[in-house]
Amino acid sequence: MIKGATPARTGTLMAVGSMTCVQIGLALSVPLFGQLGPLGTVWLRLAWASLILLVAVRPRPWRFRRRILLAAIALGVATGGVTMLFMAAIARMPLGVASALEFLGPLGVAVARAKSGQHSGRRRLLWPGLAAAGVLVLTHPWQGGGSPLGIVFALGAAACWAAYILLTQAVGDEVAGLEGLAVSIPVAALVSTPFAAPEIGKALTPHLLLAGLGLALLLPVIPFGLEMYALRRLTTAAFGTLMCLEPALALLAGLALLGQVPGLWALAGVALVVVAGLGAVRTGARQDETHVRIGSERVAVDPEDWVRAAAAGGPRDGAGAAVRSGQAGPG
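Here the residue index of a chain counts from 1 through its sequence in written order. Side-chain atom pairs in this predicted model are given and counted only at pLDDT of 80 or more, local residue features only at pLDDT of at least 70, and totals for whole chains, interfaces and linings cover all residues. Side-chain measures were taken over the full set of non-hydrogen atoms in the model, leaving aside hydrogen atoms and water.

Caption draft 1: Geometry of the environment of Met-243. Within the secondary structure, Met-243 sits in the loop between helix 9 (236–242) and helix 10 (246–258). Relative accessibility thresholds used throughout: buried, under 20% of the residue-type maximum; exposed, over 50%; partly exposed, between the two (1.4 Å probe, protein chains only). By relative accessible area, Met-243 is classed as buried at 1%. With 227 residues separating them along the chain, Met-243 and Val-16 place their C-alpha atoms 8.4 Å apart. Note on definitions: a residue-residue contact is assigned when non-hydrogen atoms from the two residues lie within 4.5 Å. In this structure Met-243 touches Ala-15, Met-19, Phe-103, Pro-106, Trp-161 and Glu-227, once residues within four positions along its chain are discounted. Runs of E in the DSSP output that reach at least two residues are strands. Runs of H or I that reach at least four are helices, and both are numbered from the N terminus.

Caption draft 2: Quick peek at the side chain of Ser-184. Residue placement: Ser-184 occurs in helix 7 (residues 179–203). Those residues in contact with Ser-184 that sit more than four places away from it in its chain are Ala-72, Leu-75 and Gly-76.

Caption draft 3: Spatial organisation of the side chain of Ser-50. Within the fold, Ser-50 resides in helix 1 (residues 7–57). If sequence neighbours within four positions are ignored, Ser-50 has contacts with Ile-185, Pro-186 and Ala-189.

Caption draft 4: Spotlight on the packing of helix 7 against helix 8 (residues 206–230). Interaxial angles span 0 to 180 degrees and are taken between N-to-C directions of axes, which are lines fitted to C-alpha atoms, for helices over the stretch in contact. Two numbers describe how helix 7 lies on helix 8: the axes approach to 13 Å, and their chain directions differ by 150 degrees. By the criterion of interaxial angle, the relationship of helix 7 to helix 8 is roughly antiparallel. Taken as a pair, helix 7 and helix 8 cross one another with a handedness that is right-handed. Listed contacts from helix 8 to Leu-181, Ile-185, Lys-202 and Ala-203 of helix 7 are Leu-208, Leu-209, Pro-220, Val-221, Phe-224, Gly-225 and Met-228. Charged means Asp, Glu, Lys or Arg here, nonpolar means Ala, Val, Leu, Ile, Met, Phe, Trp, Tyr, Cys or Pro, and polar covers whatever is left, Gly included. The residue makeup of the contact of helix 7 with helix 8, split by class, is 9 nonpolar, 1 polar and 1 charged. If an angle is under 35 degrees, it is roughly parallel; if it is over 145, roughly antiparallel; if it lies from 65 to 115, roughly perpendicular; otherwise it is oblique. Take the far helix as the reference: if the near one is turned anticlockwise from it by less than a right angle, the crossing is left-handed, and if turned clockwise, right-handed.

Caption draft 5: Quick peek at the packing of aromatic side chains. Note on aromatic pairs: the rings of Phe, Tyr and Trp (six-membered ring only in Trp) are paired at centre separations within 6.5 Å, and the planes decide the class, stacked below 30 degrees, edge-to-face beyond 60, tilted for the rest. On inspection of all chains with the given rule, the structure shows 2 aromatic pairs. Ring centres of Tyr-164 and Phe-224 lie 5.4 Å apart, and the angle between their planes is 50 degrees; on these two criteria the pair is classed as tilted. Placement of the pair is Tyr-164 in helix 6 (residues 148–174) and Phe-224 in helix 8, with a sequence separation of 60 residues. A relative accessible area of 6% means that Tyr-164 is categorised as buried. Lying over the aromatic face of Tyr-229, Arg-232 brings its terminal NZ or CZ to 4.9 Å of the ring centre. In this analysis the charged atom, NZ for Lys or CZ for Arg, is taken to sit over a ring once it is within 6 Å of the ring centre and within 35 degrees of the ring normal.

Caption draft 6: Geometry of the pattern of salt bridges. Salt bridge, as applied in this entry: a Lys or Arg side-chain nitrogen positioned within 4 Å of an Asp or Glu carboxyl oxygen. Counted under the stated rule, the structure contains 3 salt bridges. Note that Asp-173 and Arg-286 form a salt bridge whose closest N and O atoms lie 2.8 Å from each other. Taken together, the positions of Asp-173 in helix 6 and Arg-286 in the loop between helix 11 (264–283) and helix 12 (290–296) put the pair 113 residues apart, joining distant regions of the chain. With respect to class, Asp-173 is no different from Arg-286; both count as buried. Here Lys-202 makes a salt bridge to Glu-199, at a shortest N to O gap of 3.0 Å. With Lys-202 and Glu-199 both in helix 7 and 3 residues apart, this pair spans about one turn of that helix.

Nothing here speaks to function; it is all geometry.
Written as structure tokens, this is what we have:
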């Protein structure tokens, strides 16, 4: 943890760092769209990310408990699904409409978890509400229509994003380091392969392969790793609210990198999501010590480790300290 910072502030910095990497990675991916198409570019990033994580992390999924292994696989499906479905949506409707519908995912998580949290009430719903208003102002969904199929794809992307948040916390709470990510990303690459199959052959050139390696670090290796660590410190309600900063960061990136000057309505949207983000920081710390436990222990491994840990000093020591959090998401 950053010295002197609370878990909530550290988690927020990680989430903002993740979103910043995502925006940079997306901006740098645009030149490849003309050669590989969006789906081919996504596949290339995921394929490289899989190799990087498998080599660097060397996960041992056969030691995961069955429930956690299934959650990691489901996380991979959600990760691949959110990208593929969103690409399918924007092919059939304006970007602003698709983005607004997709953000129903993290906002839905924020609202649902705010209601079920320890400090539930109207005040806990204030930050997701402000974030929702900011997203609407930034994306202008009322300026364009969309086909029914496009709406279905966008809502599917929203559902996958919500599942991604819940499953990332569930897997991150039980598997030390980035082992869970090293299982889920290869699954995401496999999920995306049938959709990107027509473009894969074009990616097998030295120039594109090298470009894909660099992009894979920016998206998804670094940001998804940061999000897994962030969700060990933040509630899913706070994290879902913070995700609404992403369109604001995209707008600021357009200003800094492309000279795109935002209008007054866009600035108002940025202000709303920033205020919502600050509110999420104030109320977003988890009540358990998951981030401390995960940093020093191995969890969700072979049951024999639980026996050895219990013999060594009780259920709070060693691998036996895998105490479930009330915010851990679906089992």
